[in-house]
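As a plain string of letters, each chain reads:
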Amino acid sequence: MSETANTANTASTANEAAAEPAEVQAPGRDASGEPGSWGARLRDAAVERWRPIALAALLLAACYAPFQLVPFRVFQLTMVLVYAVALLGLNLLVGHAGQISLGHGAFFAVGAYAAALMLDRWDVPYLLTLPVAAAVAFVLGLGLGVPAVRLHGLYLALVTLSIAVFLVPLLKRFESVTGGSMGLTLTKPAPPAWTGLAEDQWLYFLALAVAVAAFLLARNLLRSRVGRALHAVRDNEAAAEVMGVRLPFYKTLAFAWSAMFAGAAGCVYTWVIGFVSPDSFPVTLSITLLAGIVVGGLGSLSGPLLGGLFVMFVPSWSQDINKAAPGVIFGLLIIAVMYVAPTGLAGLAGRAAGRIRRTLRRE
Amino acid sequence: MLEVRDLTVRFGGITALDGVGFEVRHGETVGLIGPNGAGKTTLFNCLTRRYRADAGTVRYQGADLLAVPPHAVAALGIARTFQNLGLFPRLSVRDNVLVGAHHHGRAGFLSAGMRLPGVRREEERLRAEADGLLRRLDLAHVAGHPAAGLPFGTLKRVELARALAARPRLLLLDEPVNGLNSAEVAEFAGTLRAVRDDFEVTVVVVEHHMGFVMGTCDRVVCLDFGRKIAEGSPAEVQQNPAVVEAYLGTPA
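The rules behind the values
Numbers given to residues run from 1 along each chain, matching the order in which its sequence is written. All chains are assigned letters beginning with A, and all ligands numbers beginning with 1, in the order in which they are written. In keeping with the model being predicted, local features are shown solely for residues with a pLDDT of at least 70 and side-chain atom pairs are shown and tallied solely at 80 or more, while totals for entire chains, interfaces and linings include all residues. Think of it this way: any DSSP run of H or I at least four residues long counts as a helix, any run of E at least two long counts as a strand, and we number them from the N terminus. By definition, residue pairs are in contact when their C-beta atoms, positioned from the backbone, come within 7 Å. In this scheme the burial state of a residue depends on its C-beta neighbours within 10 Å: 20 or more other such atoms mean buried, 12 or fewer mean exposed, and anything in between means partly exposed; the C-beta positions come from the backbone. Residues are sorted three ways: Asp, Glu, Lys and Arg are charged, Ala, Val, Leu, Ile, Met, Phe, Trp, Tyr, Cys and Pro are nonpolar, and all the rest, Gly among them, are polar. Expected helix span is taken as 1.5 Å per residue step, with the number of steps being one fewer than the number of residues. A set of buried Ala, Val, Leu, Ile, Met, Phe, Trp, Tyr and Cys residues, joined to one another through C-beta atoms within 7 Å, is what we call a nonpolar core. The criterion for strand pairing is that DSSP finds at least two bridges linking the strands in question. Between N-to-C directions, angles span 0 to 180 degrees; the directions come from axes that are lines fitted to C-alpha atoms, helices contributing only their stretch in contact. Orientation categories follow fixed angle ranges, with anything under 35 degrees roughly parallel, anything over 145 roughly antiparallel, 65 to 115 roughly perpendicular, and all other angles oblique. Rotating anticlockwise by less than a right angle from the far helix to the near helix defines a left-handed crossing, while the corresponding clockwise rotation defines a right-handed one.

## As for the overall build of chain A
Regarding its fold elements, chain A presents 16 helices and two strands. Of all intrachain contacts in chain A linking residues separated by at least 6 positions in sequence, the fraction that spans at least 24 positions is 74%.

## Things to note about the environment of Gly179(B)
Residue and element names in this part refer to chain B. With respect to the helices, strands and loops of the structure, Gly 179 is situated in the loop between strand E7 (170-174) and helix H6 (182-199). Gly 179 gets classed as partly exposed once you count the C-beta atoms within 10 Å, which come to 14. Separated by 48 residues in the primary sequence, Gly 179 and Asp 131 have C-alpha atoms spaced 26 Å apart.

## Considering the interface of chain A and chain B
Contacts between chain A and chain B engage 35 residues on the former and 43 residues on the latter. Residue assignment for the side of chain A that touches chain B shows that the elements contributing at least two residues are helix H1 (2-30), helix H9 (199-222), helix H10 (225-235), helix H11 (237-242) and helix H12 (247-273) of chain A. By residue number, the principal contributor to the side of chain A that touches chain B is H1(A), which donates twelve residues. Counted by class, the side of chain A that touches chain B contains 18 nonpolar, ten polar and seven charged residues.

## Some words on H6(B)
Here H6(B) contains 18 residues, and its C-alpha end-to-end distance of 25 Å stays within 8% of the 26 Å for a straight helix at 1.5 Å per residue. Downstream of H6(B) by a residue or two, Glu200(B) has a phi angle that is positive, lying close to 50 degrees.

## Structural notes on the nonpolar core
Counting residues in hydrophobic clusters, the biggest one holds 188 residues, and the most contacted among them are Val85(A), Ala264(A) and Val268(A). For Ala264(A), the contacting residues outside a window of four places in its chain are Val85(A), Gly111(A), Leu130(A), Ala133(A), Ala134(A), Val210(A) and Ala214(A).

## Re the sheet that holds strand E4 (residues 55-60) of chain B
The strands that make up a sheet are held in pairs by hydrogen bonds between backbone atoms, and each pair lies either parallel or antiparallel. All names here are of chain B. Overall, antiparallel pairing links the four strands, which are arranged E2-E1-E4-E5 in an open sheet. Looking at the sheet topology across the chains shown, the edges are occupied by strand E2 (14-24) and strand E5 (63-64). Judged from the two bridges that link them, E4 and E5 form a sheet pairing that is antiparallel. Its bridge partner being in E5, Arg 59 is matched across the sheet by Asp 64. Together, strand E1 (2-11), E2 and E4 form the strand contacts of helix H1 (residues 40-47), whose direction differs from that of E2 by roughly 70 degrees.

## Thoughts on the packing of helix H5 (residues 104-122) of chain A against helix H6 (residues 126-150) of chain A
Angle between the axes and distance between the axes: these two values describe a pair of packed helices. Residues and elements named next belong to chain A. It is the contact of H5 with H6, at a shortest axis distance of 8 Å, that shows an interaxial angle of 140 degrees. Accordingly, the angle class assigned to the pair H5 and H6 is oblique. Our pair here, H5 against H6, has a crossing hand that is right-handed. Residues Phe 107, Val 110, Gly 111, Ala 114, Ala 115, Met 118 and Leu 119 of H5 form the contact with H6, whose participating residues are Tyr 126, Thr 129, Val 132, Ala 133, Ala 134, Val 136, Ala 137, Leu 140 and Gly 141.

## A look at the packing of helix H2 (residues 93-100) of chain B against helix H4 (residues 117-136) of chain B
Residues and elements named next belong to chain B. Where H2 meets H4, the axes come as close as 9 Å, and the angle between the chain directions of the two elements is 115 degrees. Comparing their axes, H4 and H2 come out roughly perpendicular. Considering the relative orientation of H2 and H4, their crossing is right-handed. The residues of H4 that touch H2, namely those facing Arg 94, Val 97 and Leu 98, are Leu 126, Ala 130, Leu 133 and Leu 134.

## Here we look at the pairing of strand E10 (residues 227-232) of chain B
Residues and elements named next belong to chain B. Here strand E9 (residues 219-224) runs beside E10; their pairing, made up of five bridges, is antiparallel. Paired with Val 221 across the strands is Glu 231, a residue of E10. Between E9 and E10, which pair antiparallel in sequence order, lie two residues; one of them, Phe 225, sits at a positive phi of approximately 50 degrees.

## Notes on the sheet that holds strand E6 (residues 78-80) of chain B
Residue and element names in this part refer to chain B. Strand order in the open sheet made by the six strands is E6-E7-E8-E3-E9-E10, with mixed pairing throughout. The sheet is open, and its two edges are formed by E6 and E10, each paired on a single side. Across the sheet, the axes of successive neighbouring strands diverge by a mean angle of 15 degrees, strand direction being ignored. In terms of strand pairing, strand E3 (residues 29-33) meets E9 through four bridges, oriented parallel.

## A word on H1(B)
Every α-helix winds through 3.6 residues per turn, so residues three or four apart in the chain are directed the same way. All names here are of chain B. Most of H1 is tucked away: eight of the eight residues are buried. Taken together, the buried positions of H1 are Lys 40, Thr 41, Thr 42, Leu 43, Phe 44, Asn 45, Cys 46 and Leu 47. Positive backbone phi, approximately 70 degrees, marks Arg 49, located one or two places after H1.

## Remarks on the environment of Arg90(B)
Examined against the element boundaries, Arg90(B) turns out to sit in the loop between E6 and H2. For Arg90(B), the residues in contact, after removing those within four places along its chain, are His231(A), Asp235(A), Pro146(B) and Ala148(B).

See the structure below:
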């Protein structure tokens, strides 16, 4: 018996010893390639840190784009950013916390209407409408997160879908507040004179600022204890609870935060469009948003942006291809993407990036 | 440290645990053995509050454990592993271990979202601790790898690391060497003995592997059909006719 103990102890000590040199080796491997050659070292550094470099390049391009494109294209890009913010929220809930919502269009609408009412009734400065609209959606999400604690899968999908279904009649019913079917028309935020920007460009930069802030918020959240707890809930609820993760707390707050992002996106939507009506937020908006995040890439940080592109452009493309049946084309495109890229466009992009990186390393 | 008295759990007409009682003293390693379906895992699920006990008491460090909500058990210093692995497959090995340290963190949604300085410091501290554990259990080389797809023996160590990340005083291991080959069993036994002494944990281990139980446990409790049929030193229990009968059946 003591013999086994000794062998085992020796084995574990040997393992520790083996682990040490591996640790020392690791930093050395990064800078391998041809030591001394600055070009190679620079390239290796670029290959290793491609993510921040790609992000910086993307941000630069995003700041440059509105000065090169016609106003209509700038508007389209603005809407991509708006949808991306909503999808960041939906991704938090569906991709990271493993819950489902078929009613995120409703949170989007609530944010949009909250901003519209503030602008229309009380002449609130438009920048102030953003936190208020987000807060309203947050509170609503908190309330609707309560069923999420008890419901799973299809049952939760049904409850959230019903929210999206009854929203449109509700908005039409309270005509005195919401303007009914006619909706509310508002003046869009005017660019401050010092910027020298046109209206479409100013709106674009507002949306970009909100999108960048939302992206940073989501990224920080997901790389923290909270993000890990959400992932744990998604992957194995029972084990998460044993680790001390309070399931009701994390599920409800995931709903609330997710709704808050959708509400903020809705608010920016109101700024950009300058008009809200019940028919702007049909049930199909909720379903398109869910399709957008699944196609974009669940649980990945670039998924919402790719999903935003999808939500913005694919329905109008399908309209161009065949005026009679845009729904059919839209559906077929979703099927095609899921067939080629089962982990979404983000997964596809990730695999492509990995391949490029390996090729560069081998050179 | 742990006092189980008259613990009874029923599922419909089946009595999974029938008046089980035993004690675990501080610093001990107690083996829980018995044929399949004897109620060993049910007992663990009671201790971690996944199952509600129909009768009986469990006292842990003098307090009533059955009055504690499931998510608060970890904060009391009780950690467990699962019979068929309860890892988070899509999380990296390091993140799995970090979830184990969940109740040692304070960061909430807002502070984490803004990445306040306190959150950053806390994260660095937790990461350093997790990396220390990963090195200790020879897992540093797979730290960034998702748990899914790693060899079974490695995953068993990951689960042990995750349980230890909670800095437990009482460690509940559910068949930790089930499915490992004999070399891996010996290695795991060595690792367990070493961490038990280093981390000063009390261990309750459910295991069928008799060599492992004999080599690591100070005392053994044997269950059969939800009842305790024997308790004593490993050698005593192994000789106990009731235990032999439970495992091998009565002579024809």
